[in-house]
Amino acid sequence: MDIYQMCVRCVMDTTAEEINFDSRGVCSFCHYFDEKVKPVLERVHSGESKQLLEAIVTEIKRSGQGKPYDSILGLSGGVDSSYLAYQVAELGLSPLLIHVNTGWNSPESESNLKKLSSALGFDLEVITVDWEEMRDLQIAFYKSAVKNCEIPQDHAFLAVLYKKASEVGVHYILSGGNLATESILPQSWGYNAGDSRHLLEIHKRFGSRPLQNFPILNFWERYLYYPLVRKIREVRLLNYVAYNRAKAKQILEEKFGWQDYGAKHYESVLTRFFQGYYLPTKFGIDKRKAHFSSLILSGQMTREEALEELKKPPYPSEELLQADMAYIAERLGLSLSEWKDILVLPPRRHEDFPSNRFLFKIKDILVEVSGVRKRR
């Protein structure tokens, strides 16, 4: 019988299958943070990252000379990408803001998009994914009953940004991803949204219509064609500045009238349902543990505060849960009973469906070997 255990330093626990603990009860995610992430954050606080940031910004500006834009910035309306847009403006960059509309925006995120783009003076292009195909893919993934039913949305975001960067002729994609607030995310809690083969295989099994317009980014495009031929790279500028999520929210609210939407990634109604209901109910996974642990380790939250928050239900309220349940069913073209029948299907593993898992493992090994050689 498996024994439940929670880390004594953060709030990660044995719901993450890969976790292990040292003799003091400190988990492997904390040790990973100390080895890989802490040095990056220390360079920021010591001021060492300032020169690195200046060099990157200079190169982005140089690459965009003579062009209307020097980069692409994916803007969701959430705090990370919104604060990134603000920082990019302060740095004097000229990005094209791209919002990928997959049909699930909350009213707060819609409002944030308009306020930010208008106040910052950046062009905003909203790219709407074919709704009938998006809807079919979402239903297919929930019918597959795997952990990561967010793959259709996340894959579309990624594919659109690369294709748009190539189309516009820029070499940089600016991402709101950062180590300060999201250094921990167990692989056992989901699967790689970038795996196009996995996406297509699940759709082939459970979908009902061909995907003719849905944006697809295959392995070779992402890791060979776009970076080597088109010279496009992703840059996470928030890793070079002192990024504090609470302070970022305050700045955004004061300067732009930005509206908070609740927990991390709740700017999407479907993501709110996925994280707040689907994962905890079907798999016993509470992603708040990873989000809070990242904040604990970066000094933005205490463990005691996290434990108090975890006593609360993952959904903001029962009333909102029932409203979201009905809204999602209607948007997907299902009756409420049909939607609930899908939600109680027996859980399946991502390994039950074909994927490019082997290719991604090879890629990770090559990246690790390359990193070791550089450090030498």
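The structure under discussion appears in the preceding block.
Predicted, not measured: the structure shown is a model, and the values here were computed from it. (Residues numbered from 1 in each chain as written. Predicted model: local features only at pLDDT ≥ 70, side-chain atom pairs only at ≥ 80, totals over all residues. Heavy atoms only, no water.)

## Thoughts on the packing of aromatic side chains
- Scanning the entire structure with this criterion turns up 18 aromatic pairs.
- A network of ring pairs unites the aromatic residues Tyr142, Phe273, Phe274, Tyr277, Tyr278, Phe283 and Trp339 as a single cluster.
- When the ring centre of Trp104 is taken as origin, the NZ or CZ atom of Arg331, which lies over that ring, is 5.8 Å away.
- When the ring centre of Trp131 is taken as reference, the NZ or CZ atom of Arg331 above it lies at 4.0 Å. (Phe/Tyr/Trp six-rings, centres within 6.5 Å; stacked < 30°, edge-to-face > 60°. Lys NZ or Arg CZ within 6 Å of the ring centre and 35° of its normal.)

## So, the pattern of salt bridges
- Applying the stated criterion to the full structure yields 19 salt bridges.
- Salt-bridge contacts for Lys311 lead to Glu308; the nearest nitrogen and oxygen are separated by 2.8 Å.
- A relative accessible area of 45% means that Glu308 is categorised as partly exposed.
- Beyond isolated ion pairs, a larger network of salt bridges with shared partners links Glu125, Lys164 and Glu167. (Salt bridge = Lys/Arg side-chain N within 4 Å of Asp/Glu carboxyl O. Buried < 20%, exposed > 50% of the residue type's maximum accessible area, 1.4 Å probe, protein only.)

## A short note on helix 5 (residues 131-144)
- For helix 5, built from 14 residues, the straight-helix expectation of 20 Å at 1.5 Å per residue is met to within 8% by its first-to-last C-alpha distance of 20 Å.
- Here helix 5 lies mainly inside the structure; 11 of its 14 residues are buried.
- The set of residues buried in helix 5 consists of Trp131, Glu133, Met134, Asp136, Leu137, Gln138, Ile139, Ala140, Phe141, Tyr142 and Ser144.
- Close packing links the buried residues of helix 5 with helix 6 (151-168), helix 8 (196-206), helix 11 (269-283), helix 14 (318-331) and helix 15 (336-343).
- Its side-chain oxygen placed 3.1 Å from the backbone nitrogen of Glu132, Asp130 serves as the N-cap of helix 5.
- Just downstream of helix 5 lies Ala145, where phi reads positive at about 65°. (Helix = DSSP H or I, 4+ residues; strand = E, 2+ residues; numbered from the N terminus. Expected span 1.5 Å × (residues − 1). Contact = heavy atoms within 4.5 Å. Polar contact = N/O pair within 3.5 Å; in protein donor to acceptor, adjacent residues only side chain to side chain.)

## Looking at the pairing of strand 3 (residues 124-128)
- Of the strand pairs in this sheet, strand 2 (residues 95-101) and strand 3 are connected by five bridges, and their pairing is parallel. Counted as the bridge partner of His99 is Val126 from strand 3. (Pairing = 2+ DSSP bridges.)

## Examining the packing of helix 5 against helix 8
- Between helix 5 and helix 8, the shortest axis-to-axis distance is 9 Å and the interhelical angle comes to 85°. Put simply, helix 5 runs roughly perpendicular to helix 8. On the side of helix 5, the interface is formed by Asp136, Leu137, Ala140, Phe141, Lys143 and Ser144, while helix 8 contributes Leu199, Ile202, His203 and Phe206.
- Across the contact of helix 5 with helix 8, the residue classes tally to six nonpolar, two polar and two charged. (Axes fitted to C-alpha atoms, helices over the stretch in contact; angles between N-to-C directions. Parallel < 35°, antiparallel > 145°, perpendicular 65-115°, else oblique. Nonpolar A, V, L, I, M, F, W, Y, C, P; charged D, E, K, R; others polar.)

## What to know about the side chain of Ser166
- Locating Ser166 in the fold gives a position in helix 6.
- Apart from the residues within four sequence positions on either side, Ser166 is in contact with Tyr226, Arg230 and Ile232.

## Concerning the environment of Asp34
- Examined against the element boundaries, Asp34 turns out to sit in helix 1 (residues 28-46).
- Judged by its relative accessible area of 31%, Asp34 is partly exposed.
- When neighbours within four sequence positions are excluded, Asp34 is seen to be in contact with Arg9 and Pro39.
- Here Arg9 takes part through its side chain, which lies 2.7 Å from a polar atom of the side chain of Asp34.

## Side note on unusual backbone geometry
- Of note, the phi angle at Ala145 is positive, near 65°, even though the residue is not glycine.
- Overall, the relative accessible area of 0% leaves Ala145 in the buried class.

## A few points about the state of the cysteines
- For the coordinates displayed, the defined rule picks out zero disulfides.
- Here Cys27 is not disulfide-linked; the sulfur of Cys10 is the nearest cysteine sulfur, at 3.7 Å.
- Not engaged in a disulfide, the cysteine Cys30 finds its nearest cysteine sulfur in Cys10; these two sulfurs lie 3.7 Å apart.
- Residue classification places Cys30 among the buried residues on the basis of a relative accessible area of 0%. (Disulfide = S-S within 2.5 Å.)

## Focus: the pairing of strand 1 (residues 71-74)
- Relative to strand 2, strand 1 runs parallel, the two being bridged by four bridges. Counterpart to Ser71 in the pairing with strand 2 is Pro95.
- In the classification by handedness, the crossover that spans strand 1, the intervening helix 3 (residues 79-90) and the parallel strand 2 is right-handed.
- With two bridges joining them, strand 1 and strand 4 (residues 172-174) adopt parallel strand pairing. Looking across to strand 4, one finds that Ile72 is bridged to Ile173. (Right-handed = clockwise from strand over helix to strand, strands pointing away.)

## Observations regarding the packing of helix 6 against helix 9 (residues 219-229)
- At their nearest, the axes of helix 6 and helix 9 sit 12 Å apart, and the two run at 15° to each other. Overall, the two elements helix 6 and helix 9 adopt an arrangement that is roughly parallel. Crossing angle aside, the handedness with which helix 6 passes helix 9 is left-handed. Contacts between helix 6 and helix 9 involve Leu158, Tyr162, Lys163 and Ser166 on the former and, on the latter, Glu221, Arg222 and Tyr226.
- A per-class count over the contact of helix 6 with helix 9 returns three nonpolar, one polar and three charged. (Left-handed = near helix turned anticlockwise from the far one by under 90°.)

## Digging into the sheet that holds strand 5 (residues 233-235)
- Taken together, five strands build an open sheet; the order of strands is 3-2-1-4-5 and the sheet is parallel. With partners counted over all chains shown, the strands left at the sheet margins are strand 3 and strand 5, one partner each. Going across the sheet, the axis of each strand differs from the next one's by a mean of 30°, ignoring polarity.
- Sheet strands in contact with helix 2 (residues 49-63) are strand 1, strand 4 and strand 5, and its direction is about 125° off that of strand 4.

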